[in-house]
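Single-letter residue listing:
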Amino acid sequence: MSVLVYAENTGGQFKKSVYELISYGKAIADLLKTNLSVVSIGNVSDVDLAALGKYGATKVLNCGNEKFKDFNSQAFASIISNAATTENADVVLISNSFAGKGLAPRVAIKLKASFASGAIELPEIGESFIVKTGAYSGKAFAHIELKSDVKVISLNPNSYKVIETGGTAEVVKVESYTGDEHFKCVVKEIVRATDKISLPDAELVVSGGRGLKGPENWGMIEEMANLLGAATACSKPVSDADWRPHSEHVGQTGIAISPNLYLAVGISGAIQHLAGVSSSKCIVVINKDAEAPFFKAADYGIVGDAFEVVPKLIEALKKFKAAHN
Amino acid sequence: MRTLKKNKRGKITMKILVCISHVPDTTTKISFIENNSKFNAAGVQFIINPYDEIALARALELIEGTEGTVTVINVGDISTEPTIRKALAIGATDAIRVNAAPRDGYFVATQIAAIAKEMNFDFILAGRESIDYNGGQVPAMIAELLGIPSVSIAKKLTIEGTTATIDREIEGGKEIVSIPFPFVAGASEGMAEPKIPNMRGIMSARTKPLVVKEAVAVDLLQEIKSYDTPKPRGQVKLISPDNAGELIELLHSEAKVI
Ligand SMILES: Cc1cc2nc3c(=O)[nH]c(=O)nc-3n(C[C@H](O)[C@H](O)[C@H](O)COP(=O)(O)OP(=O)(O)OC[C@H]3O[C@@H](n4cnc5c(N)ncnc54)[C@H](O)[C@@H]3O)c2cc1C
């Protein structure tokens with residue numbers, strides 16, 4: 001019996017969501033009175049791998065082979081399920097990241113495991129094993145009982161706190177065979193804006209809607225986001241009109257996010273928009289229409305013209321930063 | 001793999017399978033019955049899952065002007081037939097309904113993989129997730145069951161011969177992959193604009209083939225015990241626009257988010 005976490009890396013580095021996942025795994029391992037192992041695939045330094053012990057891992061299986069530099073859902077799923085078998089894992093945890101979404105379902109099939117995707121808190125473990133996930137695109141939550149011996153869970157980013165318990169992990173090199181049949185899908189190019197905070201992982205998000213009138217007015221949104229260290233998002237009509245890229249579209253048919261702060265400017269708060277952002281911890285709405293439905297779903301609101309309010313916020317933020325640095 | 005047929009102009013005639021899920025309209029206010037264990041479908045309008053509409057639109061674009069075919073498949077009871085007919089009206093060639101309630105992602109993927117094994121499609125498109133369970137499980141599960149490659153969140157898809165080039169969504173960007181037939185992809189925004197059926201489509205949909213198949217047996221691995229809905233937020237705290245800067249202070253000292 002054990003809990004196994006897949007620690008995904010981005011170009012050899014771990015992101016915060018990995019520490020969240022390991023902390024989550026440690027809490028589950030404690031509930032089940034068992035150990036936590038981690039599997040890593042690709043090129044991560046031994047120092048970084050051993051440091052995963054800080055979050056509760058006792059053992060790190062390192063499948064560090066040049067062959068696995070690029071993400072490959074078939075090969076990676078095969079390595080993770082092999083690790084689950086050798087570690088005798090009954091719970092396998094994977095981030096609900098874009099890569100995780102391609103991996104976890106495959107791992108579940110390989111292990112004949114039940115699978116809850118997008119968990120948002122610790123499972124209830126008693127006579128049964130129940131995982132809480134989002135459902136109906138942010139409009140509800142489902143409590144899913146996982147009945148099989150082996151269970152696969154993917155955890156949403158920003159859903160569990162990073163907890164440092166101390167310790168270092170033993171790093172063990174593993175050679176995992178994956179056949180050529182797993183390498184049919186070939187990565188040709190990776191295009192990544194490294195200077196930007198990625199939206200699904202962001203703790204703070206500044207978002208703009210049609211009320212901003214046109215793409216030329218996003219300068220102030222970006223400036224505010226930069227000052228806050230926030231990611232930028234937008235409503236659907238904004239990405240449909242190509243004012244902003246599709247990857248920024250949040251809502252029922254965009255990405256669902258749960259940052260600590262969601263600051264919406266010139267967004268009416270349609271039900272489909274709210275669906276994707278309503279689990280944000282704190283919601284701020286800036287809209288010139290006091291009747292905008294978004295105010296009903298907000299913690300703080302300013303009824304006013306964005307073109308007057310946002311510059312004032314930028315001023316105030318600059319002062320705030322100067323005072324707190 | 002199927003041997004590809006070419007039409008008169010020497011173009012490949014593709015055979016595409018598109019998975020269609022039947023979901024509540026996006027404006028639906030969600031509620032539950034039977035002790036919060038079942039979705040309350042009373043008065044709810046059902047639609048084709050928006051991402052599946054994108055997948056269908058792209059598949060139709062790819063076969064346009066060729067003798068290729070687009071088959072839509074849905075796992076559902078008879079109540080989903082209007083949704084399937086709508087997909088036929090939009091332009092699908094024919095349809096399959098696997099007659100069973102779609103219990104979970106594994107159940108649905110197993111049914112679709114069983115049909116795909118029989119029928120040899122060049123590739124399979126689905127939506128990146130359904131807007132009811134949001135599992136996003138089905139595309140990669142089908143691929144794993146068939147032992148073929150997949151891209152779960154595909155923003156762009158083009159075909160050259162028997163190879164697709166797909167933009168896979170990654171945090172903060174995209175990864176461009178090359179993937180040979182057969183494969184599975186989950187369509188995301190940007191791949192195509194959903195198509196609206198025209199009158200001719202609606203008329204012809206009535207007579208297009210819709211085959212009903214019985215489901216294969218699948219182990220029950222999991223079960224939804226109950227649902228709940230998010231707690232409503234307290235009263236919004238309004239800040240005067242003349243004093244907008246106060247917001248920053250509140251976010252720091254009261255909400256403690258900055
Ligand atoms: C199937 C389907 C799926 C959908 N999915 C999504 C989704 O995932 N995400 C999504 O966002 N939408 C989605 N929508 C669209 C949704 O219904 C709304 O149309 C959309 O969210 C509205 O975007 P908006 O708030 O930016 O624009 P609008 O509704 O046009 O609102 C603009 C707001 O800006 C305010 N405003 C105008 N000028 C100013 C100013 N100078 N200063 C301050 N405020 C100003 C206005 O008062 C108004 O409230 C979906 C719709 C459908 C049918």
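My aim in this report is to walk through the structure given alongside it, one point at a time. Here the structure is a predicted model, which is why all the values come from computation and not from measurement. (Residues numbered from 1 in each chain as written. Chains lettered and ligands numbered in written order. Predicted model: local features only at pLDDT ≥ 70, side-chain atom pairs only at ≥ 80, totals over all residues. Heavy atoms only, no water.)

1. Section: the environment of Ala169(A)
Moving on, step 1. Topologically, Ala169(A) is positioned in the loop between β11 (151-155) and β12 (170-173).
Moving on, step 2. If near-sequence neighbours (up to four positions away) are discounted, Ala169(A) is found in contact with Leu49(A), Ala50(A), Gly53(A), Ala57(A), Thr58(A), Lys59(A) and Val60(A). (Helix = DSSP H or I, 4+ residues; strand = E, 2+ residues; numbered from the N terminus. Contact = heavy atoms within 4.5 Å.)

2. Some thoughts on the pattern of salt bridges
All names here are of chain A.
Moving on, step 1. Tallied over the full model, the rule gives 26 salt bridges over all chains.
Moving on, step 2. The closest approach of N and O atoms between glutamate 203 and lysine 16, which form a salt bridge, is 2.8 Å. Within this pair, whereas glutamate 203 is found in the loop between β13 (186-192) and β14 (204-208), its partner lysine 16 is found in helix α1 (residues 16-32), the two being separated by 187 residues in sequence.
Moving on, step 3. Note on lysine 16: relative accessible area 33%, which makes it partly exposed.
Moving on, step 4. Between lysine 236 and aspartate 240 there is a salt bridge, with the nearest N and O atoms lying 3.5 Å from each other. Of this pair, lysine 236 and aspartate 240 both sit in helix α6 (residues 236-240), four residues apart, which is roughly one turn of that helix. (Salt bridge = Lys/Arg side-chain N within 4 Å of Asp/Glu carboxyl O. Buried < 20%, exposed > 50% of the residue type's maximum accessible area, 1.4 Å probe, protein only.)

3. Quick look at the interface of chain B and chain A
Moving on, step 1. Listed per partner, the contact involves 80 residues of chain B and 88 residues of chain A.
Moving on, step 2. Carbon and sulfur atoms supply 58% of the area that chain B and chain A bury against each other, a total of about 7,100 Å² over both sides.
Moving on, step 3. At the boundary of chain B and chain A, one finds six salt bridges.
Moving on, step 4. A salt bridge links Lys236(A) to Glu189(B); its shortest N-O distance comes to 3.4 Å.
Moving on, step 5. Our count for the contact surface shared by chain B and chain A stands at 45 residue pairs in polar contact (both at pLDDT 80 or more).
Moving on, step 6. At the level of elements, α1 (50-63), α4 (138-146), β11 (150-160), β12 (163-170), β13 (173-180), β16 (222-228), β17 (237-238) and α6 (246-253) of chain B are the ones that each hand at least two residues to the side of chain B that touches chain A.
Moving on, step 7. Counting residues per element, the side of chain B that touches chain A draws most heavily on β13(B), at eight residues.
Moving on, step 8. Split by residue class, the side of chain B that touches chain A holds 38 nonpolar, 22 polar and 20 charged.
Moving on, step 9. Bridge count between strand β18 (residues 300-303) of chain A and β17(B): two bridges; the pairing is parallel. (Buried area = accessible area lost by both parts, 1.4 Å probe. Polar contact = N/O pair within 3.5 Å; in protein donor to acceptor, adjacent residues only side chain to side chain. Nonpolar A, V, L, I, M, F, W, Y, C, P; charged D, E, K, R; others polar. Pairing = 2+ DSSP bridges.)

4. Some points on the environment of Glu223(A)
Residues and elements named next belong to chain A.
Moving on, step 1. Residue position: glutamate 223 is located in helix α5 (residues 219-228).
Moving on, step 2. When the C-alpha positions of glutamate 223 and valine 206 are compared, they lie 10.0 Å apart, and in sequence the two are 17 residues distant.
Moving on, step 3. Those residues in contact with glutamate 223, other than ones at most four positions away along the chain, are Ile314 and Lys318.

5. Structural notes on empty space enclosed by the protein
Unfilled space is identified by rolling a water-sized probe across the atoms.
Moving on, step 1. Under the criterion given, the structure shown has five cavities of 30 Å³ or more.
Moving on, step 2. Along the walls of the largest cavity sit 16 residues, with Phe71(A), Ser73(A), Cys185(A), Ser150(B) and Arg168(B) positioned nearest its centre.
Moving on, step 3. Contributions of two or more residues to the lining of the largest cavity are made by α3 (73-86) and α4 (98-110) of chain A together with β11 and β13 of chain B.
Moving on, step 4. No other element matches β11(B), which puts four residues into the lining of the largest cavity.
Moving on, step 5. What the second largest cavity holds in volume is close to 90 Å³.
Moving on, step 6. As for the second largest cavity, its lining consists of 13 residues, of which His246(A), Ser247(A), Arg128(B), Glu169(B) and Ser188(B) are closest to the centre.
Moving on, step 7. Residue composition of the lining of the second largest cavity, by class: three nonpolar, six polar and four charged. (1 Å grid on protein atoms, 1.4 Å probe; cavity = no way out; pocket = protein on both sides within 12 Å on 5 of 7 lines; lining within 4 Å. Points joined across faces, edges and corners; volume = space filled by probe spheres on them.)

6. Regarding the packing of α4(A) against α4(B)
Moving on, step 1. One can describe the packing of α4(A) onto α4(B) by two numbers: an axis separation of 8 Å at closest approach and a directional angle of 45°. As far as their axial angle goes, α4(B) and α4(A) are oblique. Crossing handedness for the pair α4(A) and α4(B): right-handed. Within the contact between the two elements, α4(A) uses Lys101(A), Gly102(A), Pro105(A), Arg106(A), Ala108(A), Ile109(A) and Lys110(A) and α4(B) uses Ala140(B), Met141(B), Ala143(B), Glu144(B) and Leu145(B).
Moving on, step 2. Classifying every residue of the contact of α4(A) with α4(B) by side-chain character gives seven nonpolar, one polar and four charged. (Axes fitted to C-alpha atoms, helices over the stretch in contact; angles between N-to-C directions. Parallel < 35°, antiparallel > 145°, perpendicular 65-115°, else oblique. Left-handed = near helix turned anticlockwise from the far one by under 90°.)

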